[in-house]
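What the coordinates show
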Amino acid sequence: MARRCDLTGKGVMVGNKVSHALNRTRRRFLPNLLNVSLLSDTLGRSVKLRISANALRSVEHRGGLDAFLLKANDDELSPVALAVKKEVRAALAS
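Report on the accompanying structure. Being a predicted model, the structure only gives us computed values, none of them experimental.

**Digging into the overall build of the chain**
In terms of regular secondary structure, the chain is built from 3 helices and 4 strands. In the chain, the order of α-helices and β-strands from amino to carboxyl end is β-β-β-β-α-α-α. What you see for the chain is a C-alpha radius of gyration of 17 Å, clearly larger than the 12 Å of a compact globule of 94 residues, by over 25%. When its C-alpha atoms are laid out on the principal axes, the chain stretches across 65 × 20 × 20 Å. Here the chain holds 94 residues, and 30% of them are scored as buried.

As structure tokens, then:
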């Protein structure tokens, strides 16, 4: 399972660990990923996603999963999130 957020595409970053003596060694900065079930209002069911804590705040700020997905860029979304977005669009169209 990739360490990547399903909604924002946030992934692993690399940098240096710097000691007190300024010795530098490579390290990885992992995103704060959470397994959550978000409720979709238009679909009437919950969707399980693996998203970052920052993305969870963004979903709540935009007014729910449906609003976030409709406004999100398709390049950042995972295949699971793209499928949910397609379902939401279809449900809103009908």
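**Details of unusual backbone geometry**
With a phi angle near 65 degrees, leucine 22 is a residue other than glycine that sits in the positive phi range. With respect to the secondary-structure elements, leucine 22 resides in the loop between β1 (13-18) and β2 (24-29). Judged by relative accessible area, which is 55%, leucine 22 ranks as exposed.

**Topic: the pairing of β2**
Note that β1 and β2 share 6 bridges and pair antiparallel. By the bridge assignment, methionine 13 is partnered in β2 with phenylalanine 29.

**Observations concerning the environment of methionine 13**
Mapped onto the fold, methionine 13 is located in strand β1. Excluding residues within four positions of it along the chain, methionine 13 makes contact with Arg27, Arg28 and Phe29.

**Comments concerning helix α3 (residues 79-93)**
Taking 1.5 Å of rise per residue, 15 residues should cover 21 Å, and α3 covers 21 Å from first to last C-alpha, within 8% of that figure. Considered for burial, the residues of α3 that qualify are Ala81, Val84, Lys85 and Val88. The buried side chains of α3 occupy one side of the element, clustering within an arc of 105 degrees when seen end-on. Among the exposed residues of α3, those oriented more than 90 degrees off its buried face are Pro79, Lys86 and Ala93. On its buried side, α3 packs onto β3 (33-40), β4 (45-52) and α2 (65-71).

**Considering the packing of aromatic side chains**
Applying the stated rule across the entire model yields 0 aromatic pairs. A cation over an aromatic ring shows up here: arginine 27 above the ring of phenylalanine 29, its NZ or CZ 3.8 Å from the ring centre.

Calculation notes
- Numbers given to residues run from 1 along each chain, matching the order in which its sequence is written.
- The predicted nature of this model means local features are confined to residues of pLDDT at least 70 and side-chain atom pairs, given and counted, to a pLDDT of 80 or more, with totals for whole chains, interfaces and linings taken over all residues.
- Processing note: side-chain calculations cover all non-hydrogen atoms of the structure and skip hydrogens and water entirely.
- Helix and strand assignments come from DSSP, with helices taken as H or I runs of at least 4 residues and strands as E runs of at least 2, each series counted from the N terminus.
- Computation of the radius of gyration draws on C-alpha atoms, with the globule rule given as 2.2 Å multiplied by the number of residues to the power 0.38.
- Here's how the labels work: a residue is buried when its accessible area is under 20% of the maximum for its type, exposed when over 50%, partly exposed in between, all with a 1.4 Å probe on protein chains only.
- DSSP-based pairing: two strands are paired if at least 2 bridges between them are found.
- Only heavy atoms enter the contact rule, under which two residues are in contact if any of them lie within 4.5 Å.
- By this rule the span expected of a helix is its residue count minus one, scaled by 1.5 Å.
- Arc, as used here, means the arc of the directions from the helix axis to the C-beta atoms.
- Centre distance within 6.5 Å is the pairing criterion for rings of Phe, Tyr and Trp, where only the six-membered ring of Trp is used; planes under 30 degrees apart are then read as stacked, over 60 as edge-to-face, and the remainder as tilted.
- The rule for a charge over a ring is simple: NZ of Lys or CZ of Arg within 6 Å of the ring centre, and within 35 degrees of the ring normal.

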